[in-house]
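# Structural description and commentary
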Amino acid sequence: MHEFGIVVHVVDTLEKLATENDLTEIASVTLEIGEVSSVLPDYIVDAWKYLHKKSAVLTDAELKIERLPAVSICLDCKKTYPTLEGKKQCPHCGGFMTELVSGDEFNIKEIEGC
Ligand SMILES: [Zn+2]
């Protein structure tokens with residue numbers, strides 16, 4: 001479970017952002033997590049519940065998570081498709097030369113101050 005370490009890092013980043021922006025409290029944090037990211041949102045939420053109360057600026061912060069759809073491209077026919085539907089095989093031509101275009105993101109999208 002590497003999510004705990006990730007949330008520790010997120011909390012550090014948010015504390016720095018709060019200091020830089022003169023925020024004494026953060027009201028909400030939005031994270032973007034790609035559909036095929038190795039980061040599991042459920043574990044992020046669990047780690048967050050434990051960690052955010054230890055940070056003065058994040059005590060009352062609400063965590064929001066947005067999933068980003070995963071998209072793959074086929075190198076043979078150059079068409080894109082939803083990764084979760086076709087996995088590594090292109091549904092258009094049946095080719096296996098495919099690459100992930102997006103869907104493995106993990107970003108802090110936005111924070112809202114009080
Ligand atoms: Zn194809």
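Predicted model, so just to flag it, every value in this text is computed and none were measured.

### Digging into the coordination of the zinc ion
Under perfect tetrahedral coordination by four donors, a metal shows angles of 109.5 degrees; under perfect octahedral coordination by six donors, it shows angles of 90 or 180 degrees. Bound to the zinc ion on the protein side are Cys74 (SG), Cys77 (SG), Cys90 (SG) and Cys93 (SG), at distances that span 2.3 Å. Considering all four donor atoms around the zinc ion, the spread of angles at the metal, 106 to 118°, places the coordination shape in the tetrahedral class. Since its relative accessible area comes to 26%, Cys77 is described here as partly exposed.

### Some thoughts on the UniProt feature "binding site: Zn(2+)" (unreviewed entry) in the chain
Sites flagged by UniProt as "binding site: Zn(2+)" (unreviewed entry) map to Cys74, Cys77, Cys90 and Cys93. In summary, the annotated positions, though distributed over 20 residues, converge in three dimensions, the widest C-alpha pair being only 8.7 Å. You can see Cys74 is positioned in strand S3 (residues 71-74). For Cys74, a relative accessible area of 0% corresponds to the buried category.

### Here we look at the sheet that holds strand S6 (residues 106-113)
Taken together, the three strands give an open sheet; going across it, the order is S2-S1-S6, and neighbouring strands pair in mixed fashion. On the outer flanks of this sheet lie strand S2 (62-68) and S6, each paired with one strand and no other. For this sheet, the mean inter-axis angle between neighbouring strands, taken without regard to orientation, is 20°. Pairing geometry for strand S1 (residues 26-34) and S6, over seven bridges, is antiparallel.

### Overview of the UniProt feature "binding site: Ni(2+)" (unreviewed entry) in the chain
What UniProt calls "binding site: Ni(2+)" (unreviewed entry) maps, in this numbering, to His2. Structurally, His2 can be placed in the segment before helix H1 (3-20). Those residues in contact with His2, other than ones at most four positions away along the chain, are Ser38 and Val39.

### So, helix H2 (residues 41-51)
Buried residues of H2: Pro41, Ile44, Ala47, Trp48 and Leu51, and no others. All buried residues of H2 fall inside an arc of 120° around its axis, so they share one side. The exposed set on the far side of H2, more than 90 degrees from its buried face, consists of Asp42 and Lys49. Those residues of H2 that are buried lie in contact with H1, S1, S2 and S6.

The rules behind each value
- Residues numbered from 1 in each chain as written.
- Predicted model: local features only at pLDDT ≥ 70, side-chain atom pairs only at ≥ 80, totals over all residues.
- Heavy atoms only, no water.
- Donors = N, O, S within 2.8 Å, 3.2 Å for Na, K, Ca; no water.
- Tetrahedral: all angles 85-135°; square planar, octahedral: opposite > 155°, others 65-115°.
- Buried < 20%, exposed > 50% of the residue type's maximum accessible area, 1.4 Å probe, protein only.
- UniProt positions renumbered as here; feature names shortened; annotations may be inferred.
- Helix = DSSP H or I, 4+ residues; strand = E, 2+ residues; numbered from the N terminus.
- Pairing = 2+ DSSP bridges.
- Axes fitted to C-alpha atoms, helices over the stretch in contact; angles between N-to-C directions.
- Contact = heavy atoms within 4.5 Å.
- Arc of directions from axis to C-beta.

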